[in-house]
Amino acid sequence: MADFPWHLGVFDAHCHPTDTMASIDEIPHMKARALTIMATRAQDQHLVAEVADKLGSKDKDKDDVECRVIPSFGWHPWFSHQMFDEDEYNSKSLSDDDKVRHYQSVLAPTPEDHNFILSLPSPRPFSEFLTQTRDFLERFPPALIGEVGLDKAFRIPEAWLPDSRGCDDSLTPGGREGRQLSQYRVQMEHQRKVLKAQLALAGEMQRAVSVHGVQAHGVLFDTLSETWKGHERKVLSRRERKRQVGGPTESTEEARMPSSGPQPYPPRVCLHSYSGPPDSVKLYLQPSIPTEIYFSFSTAINFSSAAASKAEAVICALPDDRILAESDLHTAGPRMDRHLEDIVRKICDLKGWTLDHGVKQLGDNWQRFVFGGSPS
């Protein structure tokens, strides 16, 4: 097997090492150049910020790739039920009765056991979270919004019984941590509400977004497309292109230029560990879409099941400049490096790239996704 060219720069587009804080000290010793670290819930937003303060960079210069981490702040769909719209309750905190009302309105089937409902985390107001996220984005100019998205498959976990929290104290609280799953799912419209609020912030602050989508590919595309509706780029017809004799017209130049300044849509989106069908890729690559859409892949998700053949077909169909590599692991260190090497080798094999070319291409793609800019 050919030696792997780590020296050319390998970038993890999506990972969760703050789920295992004991692994953070491994990051400076990793072979990967930089990690894009996701926040997901109340318990890890500040942890991502702490790691970014310690190992990241506050310089937005595209060429500054010596930072070890790029932070991402967002609320994952698995925890979207823990958000409430204070305008519906005219309050920034909920009474027990309002807490029951909230969870009965956002969970399906409607829970009737009040003890179960009251055992769930106290919901957090949208405005409080969005203010915190805005503050983090201002504090870290390279930061992304993520992990956010939609998920039809997940069920919320049962609450911990008193003194029965999982035995693995190395894990950051708030995740599943070995708990049994309940029968309840979060209503899709509530998930969409939480996602759209974060997409709007990404557009306002012109930050890239890392998006989760499971068994919701159609509604996810519809939700994203709502953000750029009315802002589509003009696409010239073949006849209009033939009329261009003296070079590109102002309208074509405008169509090619990325947006600048606040917009209702995010400038760049990564569909992380993309699991949709190959045909859906065409929807996201329409030239009229003003958002640049990237697709990232991991061995942990995309190549751990029978769905691998679908991921292979998607990778082969994608333009070279829209592919990213990720680990999606919850712990930093040698294992994360191994996962990154494995997925990069897999992508290179499928695309017919040499390792040197592939590592450089994926590195360029990551920098454009995180920092913006045009293909070189």
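Residues numbered from 1 in each chain as written. Predicted model: local features only at pLDDT ≥ 70, side-chain atom pairs only at ≥ 80, totals over all residues. Heavy atoms only, no water.

**Student:** Hey, could you run me through the side chain of Arg 68 in this one?
**Tutor:** One can find Arg 68 in the loop between helix 1 (45-55) and strand 3 (69-73). Residue classification places Arg 68 among the buried positions, given a relative accessible area of 18%. Contacts of Arg 68, omitting those with residues within four sequence positions, involve Ile 27, Pro 28, Met 30, Ala 32, Arg 33, Ala 34, Leu 35 and Leu 55. (Helix = DSSP H or I, 4+ residues; strand = E, 2+ residues; numbered from the N terminus. Buried < 20%, exposed > 50% of the residue type's maximum accessible area, 1.4 Å probe, protein only. Contact = heavy atoms within 4.5 Å.)

**Student:** Honestly, the layout of surface pockets in this entry has me stumped. Any pointers?
**Tutor:** Empty space among the atoms becomes visible once a probe the size of a water molecule is rolled across them. By volume, the largest pocket is sized at about 1,200 Å³. The greatest single-element share of the lining of the largest pocket, amounting to 3 residues, is contributed by strand 9 (residues 209-214). Of the residues in the lining of the largest pocket, the class split is 19 nonpolar, 17 polar and 11 charged. (1 Å grid on protein atoms, 1.4 Å probe; cavity = no way out; pocket = protein on both sides within 12 Å on 5 of 7 lines; lining within 4 Å. Points joined across faces, edges and corners; volume = space filled by probe spheres on them. Nonpolar A, V, L, I, M, F, W, Y, C, P; charged D, E, K, R; others polar.)

**Student:** Before we go on, may I ask you to explain the pairing of strand 1 (residues 11-15) in this structure?
**Tutor:** Working note: regular strand, side chains alternate between the two faces of the sheet. Where burial is concerned, most of strand 1 is hidden: 5 out of the 5 residues are buried. When strand 1 meets strand 2 (residues 34-38), the two strands line up parallel, connected through 3 bridges. Across the sheet, the residue bridging to Phe 11 is Ala 34, located in strand 2. (Pairing = 2+ DSSP bridges.)

**Student:** Sorry if this is basic, but what is going on with the side chain of Asp 328 here?
**Tutor:** Position of Asp 328 relative to the elements: it lies in the loop between strand 12 (323-325) and helix 13 (334-351). Buried charge Asp 328 goes without a salt bridge, the closest partner of opposite sign being Arg 335 at 10 Å. Among the polar contacts listed, one links the side chain of Asp 328 to the side chain of His 16, at a separation of 3.4 Å. Sequence-distant contacts of Asp 328, defined by excluding residues within four places in its chain, comprise Asp 12, His 14, Cys 15, His 16, His 272, Ser 273, Ser 298 and Ile 301. (Lys, Arg positive; Asp, Glu negative; His and termini not counted. Salt bridge = Lys/Arg side-chain N within 4 Å of Asp/Glu carboxyl O. Polar contact = N/O pair within 3.5 Å; in protein donor to acceptor, adjacent residues only side chain to side chain.)

**Student:** When you look at unusual backbone geometry in this model, what are you seeing that I'm missing?
**Tutor:** Across the junction of Ala 108 and Pro 109, the peptide omega takes the value -5 degrees, indicating a cis bond. By secondary structure assignment, the location of Pro 109 is in the loop between strand 5 (107-108) and helix 4 (114-119). Here Gly 146 and Glu 147 are connected by a cis peptide whose omega angle stands at 10 degrees. A positive phi angle is found at Asn 90, which is not glycine, with a value near 55 degrees. Along the polypeptide, Asn 90 turns up in the loop between helix 2 (86-89) and helix 3 (96-106). Given a relative accessible area of 75%, Asn 90 falls into the exposed group.

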